[in-house]
Each structure stands twice: as C-alpha cells, then as structure tokens.
Amino acid sequence: MSVPVSSLSSAPVPASRLVTSATVGDAVKQGEGIKAYATYKITCTRAGGLSPTEVFRRYSDFCWLHDALQYRFQGAIIPPLPEKKLTGTFETEFLKNRARYLQKFLDRCLDHPDLKASKVLLRFLTVSDPGEFQEIKGAEKVSQGALLKWLTQTGARAYKSVAGFAGFSSTSLPTTQDDEVFEDIKQYVAMIEPHIQNTAKFAESIMSDRKEMAGCHFDLAMAFTALGETETGSIGNDLNSFGKTIDQLAQLGQEHAHDERHVFVEPMKDMARNLKELKNALKRRTEAYHMLLSAHDEYTKSGKTLQKLTVSNSGKVGKLEATRAEHKQHENIVEERRSNLAAIDARLQKEIARFQKQKLDDFTDSMLEYATSQAQYYSKEEKLWSAVSDELDHPSSPKNNGHR
C-alpha cells in the first residue's frame, strides 16, 4: 500500500487571491450554561483588490485549522495555539490573552512562505457561511481519518521492521548527513526544553508573588489610613499620607504584575509552545523515516523471494511473474517514501532556520521589554518613596506632639 498523497506537492493559492492580513477581535460569549462558548470575529484584507471578509470562529475552529495544517504540511513547524483551559474560560483577562495569541497564530501563518498559500487557511479565513464551513471541516476530518487508518495498518509493521521483531529481517539504511543534523537538533531541543519551561515557570512565580505583595500593600495602606484617622494633628496627616503612598504602591504593583504577564510570562510560555511544535515536526520526520525503513524491508524480502523462485526454476511462470510484479511495486513504494522523506527534510531544514531566527528575535524582544518594564516600575516606585520621604522630613507645618 502506498503512502497517501502528501500536500507537499499540492498547488498553492495564487498570490492574487491570498489573504494579506487578518485581525482577531475581542471574544463574544454565545449561549449560557454548559452550552456557552466564545466566538472571535476575524476581519481579513485580500490581495488583488478583492473585498475584505469577516468570519466568526471558535477556539475549536482554530484547533481544527492547526491540525489540518499539520496534516497537510509534513515537516513544517506549525505556529502554536494558546493553551486550552478547563475552568474560567470566560474570564475577561483570559479571553483577551487568548485573542492576543490567536492573533499571533494567524500572523505567523500569514507570514509563513508555505502556510500563507494554503487552501485550508484561505477557507478558514474567508468562508463566512457556517454550514459551508462545517462541511469543509467534515471533509478535512475524513481525509485525516484516512491517514490515521493507514498509519494504524502500517505502523505496527514499521515498528517491527525497525526493531527486528516477529521474523522481520530488519534492514538498515546508510546514515545520511540529514540524519545526523536532525539527531543533533533533537539533542539540542532536549537540552534547552527544560530551561525554557523553567523560565516560564519562575517568571510566573515572580508575577504571582508581585500580585500577592500588591494585595499586602493594599491591606497595609488601609491599616495606616485607619490609624491616621485615630490621630490628630500632624501625626494623623503623616499616617494618612504614608497610607496613601502605600496604596499607590499597591496599585503600581498590580499594574506591573499585569505588564509582566504580557511582556515576559506569556512570551516565555509561547516559546515553550513553539519548541513543542518543533518537536512535533521532528517526530513526523522520524515517522516518515520509519515508514521508509518498513518499505525497504518489504522490498528486500520480496527480492529474496524472487531470487529463490528464479534460482529454483520451478516452472511456475505465473507465480514468478506475480512475484516480480510485487517486487517492482515494493520498489516503487520505497522510492515514493524516499522522495517524501527528502521533501520533508528539505522543508524541515528551512523551518529550523526560521525557528532559530524567530527564537533569537523573540528572546531579544522579551528580555528588552522586560528590562524596560522593570526600569520603569522601579523608577515610579522610587519617585513615590522619595515624595513621601520629603514630605515626612520637611513637614509644611509644626508637628503636634499631643498624641505622640
């Protein structure tokens, strides 16, 4: 059985019909109770003077698009989606953050040299009729289902071929330069993945601590203000002024925690998701390689059978011709899978180069934004402390020591 036709050779959408930009709007809640869901309006501009389009999509529709692109573009690093959430899915901040990263997902797709010309992406962005869009989704699921069935039928055989189990005389292929390159990349990913995950984890921990500290400052501000209300004269004024400063610091801390999430915590999580997509692309390359090994093993076995029949000269011409035809079929399958692997390798090498550049840009931007945010925060904090210090050190009126 041959490999299903890959979209590596499918015709792209003409440049004159491409979507040039897509804007994701705020989420709108639809329905109530357990049937409630959120939709996002996507407004698109088109090339070639085509009219703009507006479509409404759910998060699950974005998941479908991601999977469809992954299925159609073997070897591509598909842009990641924001993670799913089981509870609190209608919280305002969560929906805003999800919309922000759905926007990033589409921006990356439209910036990708292959994905931007994908028919499935074009339909996702331009088919406004809900019924028609559901039909498109259903047809795509059927295609993916056929692939899964094929993988189920051949996957065990490929594994046995590679591992040398159950009587398979597992063959080996010469290690290519591509094999060595991708193996090095796998090791690199395994090395950096826990560190990127830790940056996201500890950055979020710092943000959580800052939010907790802001809450403590609010409580402290209330305590100082209440204490100031019990005193008269300048000490009451001083206590109220100090409480007011603490309250301003609490608000500043809350705002800064919010900024930290957007300029550092979420970008770190996004990097971790990007790395996961790279791992997925490498995994698909490995699967294609194993399928080639399986085909090569079948080809080798049929060749041995053909050789035995030829040498024995048993006179069964029909069986000999059938075996020769079968051997030729296995040879064709080997070449088809070899060609498919070569196409995946070529694409994956380009993808990794893009990934490295994007990673460098993302890290640089995030660190710069985080450093700038910290500098601005501590500058504002210093001004607040300096102002209250000056006020306490240089009171505008003589101190009343009546209750001190």
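Residues numbered from 1 in each chain as written. Predicted model: local features only at pLDDT ≥ 70, side-chain atom pairs only at ≥ 80, totals over all residues. Heavy atoms only, no water.

### Notes on the pattern of salt bridges
In total, this model carries 19 salt bridges according to the counting rule given. A salt bridge links Glu 260 to Arg 210; its shortest N-O distance comes to 2.9 Å. Here Glu 260, found in helix H6 (residues 233-312), pairs with Arg 210, found in helix H5 (residues 177-230); they are 50 residues apart in sequence, far enough to count as distant. Judged on exposure class, the residue Glu 260 and its partner Arg 210 are both buried. The structure contains a network of salt bridges with shared partners spanning Glu 83, Arg 108, Asp 270, Arg 273 and Asp 362. (Salt bridge = Lys/Arg side-chain N within 4 Å of Asp/Glu carboxyl O. Helix = DSSP H or I, 4+ residues; strand = E, 2+ residues; numbered from the N terminus. Buried < 20%, exposed > 50% of the residue type's maximum accessible area, 1.4 Å probe, protein only.)

### Thoughts on the pairing of strand S1 (residues 19-30)
Relative to strand S2 (residues 37-46), S1 runs antiparallel, the two being bridged by 9 bridges. Note on S2: the bridge partner recorded for Ala 27 is Tyr 40. Taken together, S1 and the strand that follows it, S2, pair antiparallel across an intervening segment of 6 residues, in which Gly 31 is found at a positive phi of about 80 degrees. (Pairing = 2+ DSSP bridges.)

### Thoughts on the packing of H6 against helix H7 (residues 317-393)
Contact geometry of H6 with H7 gives a least axis separation of 8 Å together with a crossing angle of 170 degrees. In terms of orientation, H6 lies roughly antiparallel with respect to H7. Of the residues in the contact of H6 with H7, the class split is 36 nonpolar, 20 polar and 16 charged. (Axes fitted to C-alpha atoms, helices over the stretch in contact; angles between N-to-C directions. Parallel < 35°, antiparallel > 145°, perpendicular 65-115°, else oblique. Nonpolar A, V, L, I, M, F, W, Y, C, P; charged D, E, K, R; others polar.)

### Focus on the confidence of the model for the chain
For the chain, per-residue confidence averages 87 on the pLDDT scale, and 87% of positions sit at 70 or higher. Here residues 1-9 is a poorly scored stretch, pLDDT under 50, and it has 22 contacts once near neighbours within four places are set aside; other chains count. (pLDDT = per-residue confidence, 0-100. Contact = heavy atoms within 4.5 Å.)

### What about H6?
For H6, built from 80 residues, the straight-helix expectation of 118 Å at 1.5 Å per residue is met to within 8% by its first-to-last C-alpha distance of 117 Å. Helix geometry: H6 is bent most strongly at Arg 261, by close to 45 degrees. (Expected span 1.5 Å × (residues − 1). Bend = angle between axes of the 7 residues up to and from the residue.)

### What about the pairing of strand S3 (residues 53-58)?
Sheet faces and side chains relate simply in a regular strand, where the side chains alternate between the two faces. With burial as the criterion, only one face of S3 is covered, namely that bearing Thr 53, Val 55 and Arg 57; the residues Glu 54, Phe 56 and Arg 58 on the opposite face remain uncovered. Bridge analysis of S2 against S3 gives 6 bridges, and the strand direction is antiparallel. What sits directly across from Thr 43, in S3, is Glu 54. Connecting S2 to the next strand, S3, in antiparallel fashion are 6 residues, including Gly 48 with a positive phi near 65 degrees.

### Section: the nonpolar core
In terms of nonpolar packing, the biggest core is built from 39 residues, with Ile 42, Leu 65, Leu 106, Phe 124 and Leu 125 touching the most fellow members. Elements supplying a minimum of two residues to this core: S1, S2, helix H1 (59-72), helix H2 (92-111), helix H3 (119-126) and helix H4 (130-163). At 8 residues, the largest contribution of residues to this core is made by H2. When residues no more than four places from it in sequence are discounted, the contact partners of Leu 106 are Ala 22, Val 24, Ile 42, Phe 62, Leu 65, Leu 121, Phe 124 and Leu 125. Within the second largest apolar cluster, 23 residues are counted, among which are Phe 182, Ile 192, Ala 200 and Ile 352. (Core = buried A, V, L, I, M, F, W, Y, C linked by side-chain atoms within 4.5 Å.)

### What about the packing of aromatic side chains?
Enumeration according to the criterion identifies 8 aromatic pairs in this entry. On the numbers, 6.0 Å between centres and 50 degrees between planes, the contact of Phe 242 with Trp 385 is tilted. In this pair, Phe 242 is assigned in helix H6 and Trp 385 in helix H7, connecting sequence segments 143 residues apart. A cation over an aromatic ring shows up here: Arg 57 above the ring of Phe 124, its NZ or CZ 5.3 Å from the ring centre. A cation over an aromatic ring shows up here: Arg 58 above the ring of Tyr 37, its NZ or CZ 4.0 Å from the ring centre. (Phe/Tyr/Trp six-rings, centres within 6.5 Å; stacked < 30°, edge-to-face > 60°. Lys NZ or Arg CZ within 6 Å of the ring centre and 35° of its normal.)

### Considerations on the sheet that holds S1
Spatial strand order, S1-S2-S3: 3 strands in an open sheet with antiparallel pairing. On the outer flanks of this sheet lie S1 and S3, each paired with one strand and no other. For this sheet the average axis-to-axis angle between neighbouring strands, irrespective of direction, equals 25 degrees. Sheet contacts for H1: S2 and S3; angle to S3, the most-contacted strand, approximately 95 degrees. Each of S1, S2 and S3 touches H3; the most contacted strand, S3, lies at about 95 degrees to it.

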